[in-house]
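Geometric and topological summary
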Amino acid sequence: SQTIHQWPATLVQPVGSPLSLECTVEGTSNPNLYWYRQAAGRGLQLLFYSVGIGQISSEVPQNLSASRPQDRQFILSSKKLLLSDSGFYLCAWTRRGEQYFGPGTRLTVT
Amino acid sequence: EDQVTQSPEALRLQEGESSSLNCSYTVSGLRGLFWYRQDPGKGPEFLFTLYSAGEEKEKERLKATLTKKESFLHITAPKPEDSATYLCAVDSSGGSNYKLTFGKGTLLTVNP
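The rules behind the values
- Residues numbered from 1 in each chain as written.
- Chains lettered and ligands numbered in written order.
- Predicted model: local features only at pLDDT ≥ 70, side-chain atom pairs only at ≥ 80, totals over all residues.
- Heavy atoms only, no water.
- Helix = DSSP H or I, 4+ residues; strand = E, 2+ residues; numbered from the N terminus.
- Rg over C-alpha atoms; globule rule 2.2 N^0.38 Å.
- Contact = heavy atoms within 4.5 Å.
- Areas by Shrake-Rupley, 256 points an atom, 1.4 Å probe, with all protein chains shown as cover.
- Buried < 20%, exposed > 50% of the residue type's maximum accessible area, 1.4 Å probe, protein only.
- Polar contact = N/O pair within 3.5 Å; in protein donor to acceptor, adjacent residues only side chain to side chain.
- Pairing = 2+ DSSP bridges.
- Axes fitted to C-alpha atoms, helices over the stretch in contact; angles between N-to-C directions.
- Disulfide = S-S within 2.5 Å.
- Buried area = accessible area lost by both parts, 1.4 Å probe.
- Salt bridge = Lys/Arg side-chain N within 4 Å of Asp/Glu carboxyl O.

Observations concerning the overall build of chain A
Secondary structure assignment for chain A yields 0 helices and 11 strands. Taken from the N to the C terminus, the helices and strands of chain A come in the order β-β-β-β-β-β-β-β-β-β-β. For chain A, whose C-alpha radius of gyration is 13 Å, the value lies close to the compact-globule estimate of 13 Å for 110 residues. Here the C-alpha coordinates of chain A stretch approximately 40 × 25 × 20 Å along the principal axes. In chain A, once contacts between residues fewer than 6 apart in sequence are set aside, the share between residues at least 24 apart is 53%. Carbon and sulfur atoms make up 52% of the accessible area of chain A, which amounts to about 5,000 Å² in all.

Next up, the structure:
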């Protein structure tokens, strides 16, 4: 069966610090991978998606970036965090059009 | 641009009191409508996919229906463990991208 992992589970970072969130998927090959952010009072916002290694599409202009160094690994990064980057970050993969989500990372920027 | 509107924003029910959640959508071409359940502090859990108007799907106390403009999630005789945020999403992307647009969700609270 397929499993999706995210770490860390929670993170508190000061403004201006770098960020690296990791997502890995087990039990499938060449999945479409997605990064979403869920902020309080707002719906899930698609940030990036990837259809293969090294292929990244950005949905929202911001100070975040994404990379896919391996088939089942998806990384979300920032060089300098802003207060507005706080939120719940979710990674997802797709099977037959249905998206399955990881447990999420709660990021608080102070 | 795809739009998804869920109503009500919050719903309180007594245990056993059936009700429905609404998801209205505007898309250029619907490829699929999805329902998710999200518990506090956790990732959304997939519930249903609906593809065409008139389609219905059921799972335990939940039944999802679809028309050309909206979808309903009917909850029959809910229990406290059904308390969660229910999210609706649509996919109108082409090819193998499968990009979803989500509504803001309905927070359901079922009191014992």
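With respect to the side chain of Asn-32 of chain A
For Asn-32 of chain A, the position within the fold is in the loop between strand 3 (19–26) and strand 4 (33–38). Judged by its relative accessible area of 11%, Asn-32 of chain A falls in the buried class. Reaching out from Asn-32 of chain A, the side chain makes a polar contact with the side chain of Tyr-34 of chain A at a distance of 3.4 Å. Not counting residues within four places of it along the chain, the set of residues in contact with Asn-32 of chain A comprises Ser-50, Val-51, Arg-68, Ala-92, Trp-93 and Thr-94 of chain A together with Ser-96, Asn-97 and Tyr-98 of chain B.

Quick word on the sheet that holds strand 8 (residues 70–75) of chain B
Residue and element names in this part refer to chain B. Here we have 5 strands laid out as an open sheet, ordered 1-3-8-7-6, and antiparallel in their pairing. Each edge of the open sheet carries a strand with a single partner, namely strand 1 (3–7) and strand 6 (56–59). With direction set aside, neighbouring strand axes in the sheet form an average angle of 15 degrees. Here strand 6 runs beside strand 7 (residues 62–66); their pairing, made up of 4 bridges, is antiparallel. Its bridge partner lying in strand 7, Lys-59 is registered against Leu-62.

Brief notes about the state of the cysteines
A disulfide bridge is the covalent bond that connects two cysteines by way of their sulfur atoms. This model, assessed by the stated rule, comprises 2 disulfides over all chains. Between the sulfur of Cys-23 of chain A and that of Cys-91 of chain A lies a disulfide, 2.0 Å long from S to S. Of note, the bridge from Cys-23 of chain A to Cys-91 of chain A carries an S-S torsion of about -70 degrees and is left-handed in sense. Highlighted residues: Cys-23 of chain A in strand 3 and Cys-91 of chain A in strand 9 (residues 87–95), separated in sequence by 68 residues. The disulfide partner of Cys-23 of chain B is Cys-88 of chain B, and the gap between their sulfur atoms is 1.9 Å. The sign of the -65 degrees torsion about the S-S bond sets the Cys-23 of chain B-Cys-88 of chain B disulfide as left-handed. Of the two residues, Cys-23 of chain B is situated in strand 3 (residues 19–26) and Cys-88 of chain B in strand 9 (residues 84–91); the sequence distance between them amounts to 65 residues.

Some remarks on the interface of chain B and chain A
Counting from both sides, the interface comprises 19 residues of chain B and, opposite them, 23 residues of chain A. Note on chain B versus chain A: buried area summed over both sides is about 1,600 Å², and carbon and sulfur give 54% of it. Three residues, Tyr-98, Lys-99 and Phe-102 of chain B, lead the burial of chain B against chain A; their summed loss comes to 29% of the area buried on that side. Linking chain B with chain A are 1 salt bridge, by the criterion used here. Across the pair Glu-59 of chain A and Lys-99 of chain B runs a salt bridge whose closest N-O atoms are separated by 3.3 Å. The interface formed by chain B and chain A holds 6 residue pairs in polar contact (both at pLDDT 80 or more) in total. Elements represented by at least two residues in the side of chain B that touches chain A include exactly strand 4 (32–38), strand 5 (45–50) and strand 10 (100–102) of chain B.

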